[in-house]
Amino acid sequence: MRHWSSPVTPKFQSVKYIAFQILQDIIHLLPQYIEKRRKFMINPDPPKDEVIYIDLQGRPHDTPQECIEANLGVEEAGGGQYQAGGNCGQDPSNIPDNKG
Amino acid sequence: MVAHLRKMEILEKIKEIFRKYFDAQKRGDIKELVALYRELILSRNSLAVDQGYKDYLDMQIKKINRIPEPHWQKYLANKDAFATKFSPHLDSSSNSPHFLSKLPELKIEYPENVFDLVTKKYPEINEVRNKISIENSDKGAYFRYSDEADHYSIYIPQTNFNQKVSMLIHELAHVISWEKQHHRVESIYSAEFEAHQIEFALTKDISNEFSQAVFGEYLMGQVRSDFQIAIFTNTTLDPIVTYTENFAKYIGELKKENQTDFLFDKKITHDPLVDLSSAVSIVNLLT
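Just so it is clear, the model here is predicted, and its values are computed rather than measured.

Caption draft 1: Geometry of the domain arrangement of chain B. All names here are of chain B. What the domain assignment lists for chain B is domain 1 (2-84 + 218-286) and domain 2 (100-216). The gap between the C-alpha centroids of domain 1 and domain 2 is 27 Å. With 17 residues of domain 1 at the interface, the matching set in domain 2 holds 14 residues. Of the roughly 1,300 Å² buried between domain 1 and domain 2 on both sides combined, carbon and sulfur atoms contribute 68%. For the pair domain 1 and domain 2, the number of links is zero salt bridges. Linking domain 1 to domain 2 there are 11 residue pairs in polar contact (both at pLDDT 80 or more). Listed by contribution, the elements that provide at least two residues to the side of domain 1 that touches domain 2 are helix 9 (208-233) and helix 12 (276-286). Of the residues contributing to the side of domain 1 that touches domain 2, the split by class is 10 nonpolar, six polar and one charged.

Caption draft 2: Structural detail: the packing of helix 7 (residues 161-180) of chain B against helix 9 of chain B. Residues and elements named next belong to chain B. At their nearest, the axes of helix 7 and helix 9 sit 11 Å apart, and the two run at 80 degrees to each other. As judged from the angle between their axes, helix 7 and helix 9 are roughly perpendicular. Across the interface between the two elements, Asn162, Gln163, Val165, Ser166 and His170 from helix 7 touch Phe210, Val214, Glu217 and Tyr218 from helix 9. Classifying every residue of the contact of helix 7 with helix 9 by side-chain character gives four nonpolar, four polar and one charged.

Caption draft 3: Local environment of helix 4 (residues 69-86) of chain B. Residue and element names in this part refer to chain B. Here helix 4 contains 18 residues, and its C-alpha end-to-end distance of 25 Å stays within 8% of the 26 Å for a straight helix at 1.5 Å per residue. Asn78 marks the point of greatest bend in helix 4, at about 50 degrees. Those residues of helix 4 not exposed but buried are Trp72, Tyr75, Lys79, Phe82, Ala83 and Phe86. On the buried face of helix 4, the contacting elements are helix 3 (56-64), helix 9, helix 10 (239-250) and helix 12.

Caption draft 4: How the structure looks around the sheet that holds strand 3 (residues 151-157) of chain B. All names here are of chain B. Taken in spatial order, the three strands make up an open sheet running 1-3-2, and their pairing is mixed. Sheet topology places strand 1 (132-137) and strand 2 (142-146) at the edges, where each strand pairs with a single neighbour. Pairwise comparison of adjacent strand axes, ignoring direction, gives a mean angle of 25 degrees for this sheet. Pairing of strand 1 with strand 3, which is carried by six bridges, proceeds in the parallel orientation. By the bridge assignment, Glu135 is partnered in strand 3 with Tyr155. Contacts from helix 7 reach strand 1, strand 2 and strand 3 within the one sheet, and its direction differs from that of strand 3 by about 155 degrees.

About the cut-offs
Residues numbered from 1 in each chain as written. Chains lettered and ligands numbered in written order. Predicted model: local features only at pLDDT ≥ 70, side-chain atom pairs only at ≥ 80, totals over all residues. Heavy atoms only, no water. Domains from an automatic or database assignment. Contact = heavy atoms within 4.5 Å. Buried area = accessible area lost by both parts, 1.4 Å probe. Salt bridge = Lys/Arg side-chain N within 4 Å of Asp/Glu carboxyl O. Polar contact = N/O pair within 3.5 Å; in protein donor to acceptor, adjacent residues only side chain to side chain. Helix = DSSP H or I, 4+ residues; strand = E, 2+ residues; numbered from the N terminus. Nonpolar A, V, L, I, M, F, W, Y, C, P; charged D, E, K, R; others polar. Axes fitted to C-alpha atoms, helices over the stretch in contact; angles between N-to-C directions. Parallel < 35°, antiparallel > 145°, perpendicular 65-115°, else oblique. Expected span 1.5 Å × (residues − 1). Bend = angle between axes of the 7 residues up to and from the residue. Buried < 20%, exposed > 50% of the residue type's maximum accessible area, 1.4 Å probe, protein only. Pairing = 2+ DSSP bridges.

Next up, the structure:
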């Protein structure tokens, strides 16, 4: 528990305390957040085999563009921007007959 | 921010799993692939739980596809009956779920006669016919509409002729639906439901055999969906046994060497439950 010397009412003191806590959390987590974001988003021209971009549904993509578009598709579904895709089960390339 | 960090951690983990997964695929290490597939399921479930859903399936039903509850319940109640209704009726060999390519090639001009067929039942397609272009695709069939150009691009892969006809009918059905809804759709599910409704009405006009074969092509989507419904809701299930059982339910016995095919099927590994809206629509429309 932190000690407060400010001569304010207990109610205001508690609001101030919570705000201070949140600010502290943000300051504490900010470097971690920036580092993770940097690692996750920036990957300039690495070998194709190793590049994987994961969208918000946990699906992998080869390029950031595809990944962003996939995320937009989810966000905008129902908002008039839906891009219909997939004629399910009818694409022979999706029925695997060779392994590896 | 904490929640965001957690989400990024999960995504980072999925990325790592995929790196190992691709490597195991190259080596054909089935045991490792099954272990990694299980990890993938658990991570995707965590992603959904973090967003307030019961599991990944729940997130797909409610957030992504927005499947109405009565349709979802009807699907759950009827999917097993649907499986037996169509499988014996179709001449399917055990590990080849292709039906359209087994039919004699349709004697029609592509794409002109496909447009003619659609126009007979849905004359409104004529109003947008000159706004539609058909292009080659390397990843299945889909369409895109450009607001700026007021133009539809339909992408069809180079495949068996009958399949191309069927795919074009399905995508044109999306265009009809898109026009009817004034370029707004309620959800992925409603778009898929309406497209299948139009598509099935059109394929019946070609022939009963063609229509049945189209249903047959969609059985693979049913297998994928039913398998993943089981796997995402009960993560202790053995994926190989569950996949084999589901394949047998809809299509037929799977040879031993094909029982691990799902580990190489991008519609399962890369795009989980991508067929869900279609599978639920079809069972709702045909039962």
